[in-house]
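Residues per chain, in single letters:
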Amino acid sequence: MTTATNPRVLDHPTREEIRLEGVLHALSDAVRLRIVRDMAREQGELSCSYFDLPVTKSTTTHHFRVLRENGVIQQIYRGTAKLNALRRDDLDALFPGLLDSVLTAAEGQELRLGAPSAT
């Protein structure tokens, strides 16, 4: 994992450090899955304030940290905003089809249950 020396630079695993069990853990939570689904749909960098999640700010911070530390997302500061982007290229290279399968399954579950998976 890269080591941050500047408090505005966040630690991220390199592509080679991303592990399947970590990715699956990160995607196993309904709130984190909702974040990833939003990022996949929007296909770009999104600020933390973009996400309207049913949890406290500190819990939201925790969820983003889990996603970042397990290599699912990249977080970068631009001015005062922390932007988030899905590491789709890394995930697709390491685990072909995994992300698309999880996103498709989550969409199917939402349709079947008639409610978003993070509520």
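None of the values given here were measured: they were computed from a predicted structure.

Caption draft 1: Layout of the sheet that holds strand β3 (residues 81-86). Reading across the sheet, the 3 strands line up as β1-β3-β2 and stay open at both edges, with antiparallel pairing between neighbours. With partners counted over all chains shown, the strands left at the sheet margins are β1 (46-47) and β2 (73-78), one partner each. Relative to β3, β2 runs antiparallel, the two sharing 6 bridges. Bridge pairing in β3 places Tyr77 opposite Lys82. Relative to β3, helix α2 (residues 30-42) is tilted by about 80°, and along the sheet it contacts β1, β2 and β3.

Caption draft 2: Molecular detail of the pattern of salt bridges. Under the counting rule described, the total for this entry stands at 10 salt bridges. With a closest N to O distance of 2.7 Å, Asp90 and Arg15 form a salt bridge. Of this pair, Asp90 sits in helix α4 (residues 88-94) while Arg15 sits in the segment before α1 (20-27); the two residues are 75 residues apart in sequence, bridging distant segments of the chain. A residue is classified by how much of its surface remains accessible, and Arg15, at 33% relative accessible area, is partly exposed. Arg19 serves as the salt-bridge partner of Glu21, at 2.3 Å between the closest nitrogen and oxygen. Here Glu21 falls in the partly exposed class, since its relative accessible area comes to 46%. Judged by relative accessible area, which is 53%, Arg19 ranks as exposed.

Caption draft 3: Representation of the environment of Arg41 within the structure. Counting through the fold element by element, Arg41 comes out in helix α2. A relative accessible area of 51% means that Arg41 is categorised as exposed. Spatially, the C-alpha atom of Arg41 lies 9.8 Å from that of Leu103, the residues being 62 residues apart in sequence. A distance of 2.8 Å separates the side chain of Arg41 from the side chain of Asp38, its partner in a polar contact.

Caption draft 4: Expanded view of helix α3 (residues 57-69). The first and last C-alpha atoms of α3 sit 18 Å apart over 13 residues, in line with the 18 Å expected at 1.5 Å per residue. Looking at the packing, one finds that the buried side of α3 touches α1, α2, β2 and β3.

Caption draft 5: Structural view of the side chain of Asn70. Mapped onto the secondary structure, Asn70 falls in the loop between α3 and β2. Only 2.8 Å separates the side chain of Asn70 from the backbone oxygen of Val66, close enough to count as a polar contact. With residues up to four places along the chain from it excluded, the contact list for Asn70 reads Pro13, Ile18, Gly22, Val23, His25 and Ala26.

Caption draft 6: Region of interest: the side chain of Gln75. Tracing the sequence through the fold places Gln75 in strand β2. With relative accessibility at 4%, the residue Gln75 sits in the buried group. At a separation of 2.8 Å, a polar atom in the side chain of Gln75 contacts the side chain of Arg68. Here the side chain of Gln75 touches Asn84 through a polar contact of 2.7 Å, side chain to side chain.

So, how was this worked out
- Residues numbered from 1 in each chain as written.
- Predicted model: local features only at pLDDT ≥ 70, side-chain atom pairs only at ≥ 80, totals over all residues.
- Heavy atoms only, no water.
- Pairing = 2+ DSSP bridges.
- Helix = DSSP H or I, 4+ residues; strand = E, 2+ residues; numbered from the N terminus.
- Contact = heavy atoms within 4.5 Å.
- Axes fitted to C-alpha atoms, helices over the stretch in contact; angles between N-to-C directions.
- Salt bridge = Lys/Arg side-chain N within 4 Å of Asp/Glu carboxyl O.
- Buried < 20%, exposed > 50% of the residue type's maximum accessible area, 1.4 Å probe, protein only.
- Polar contact = N/O pair within 3.5 Å; in protein donor to acceptor, adjacent residues only side chain to side chain.
- Expected span 1.5 Å × (residues − 1).

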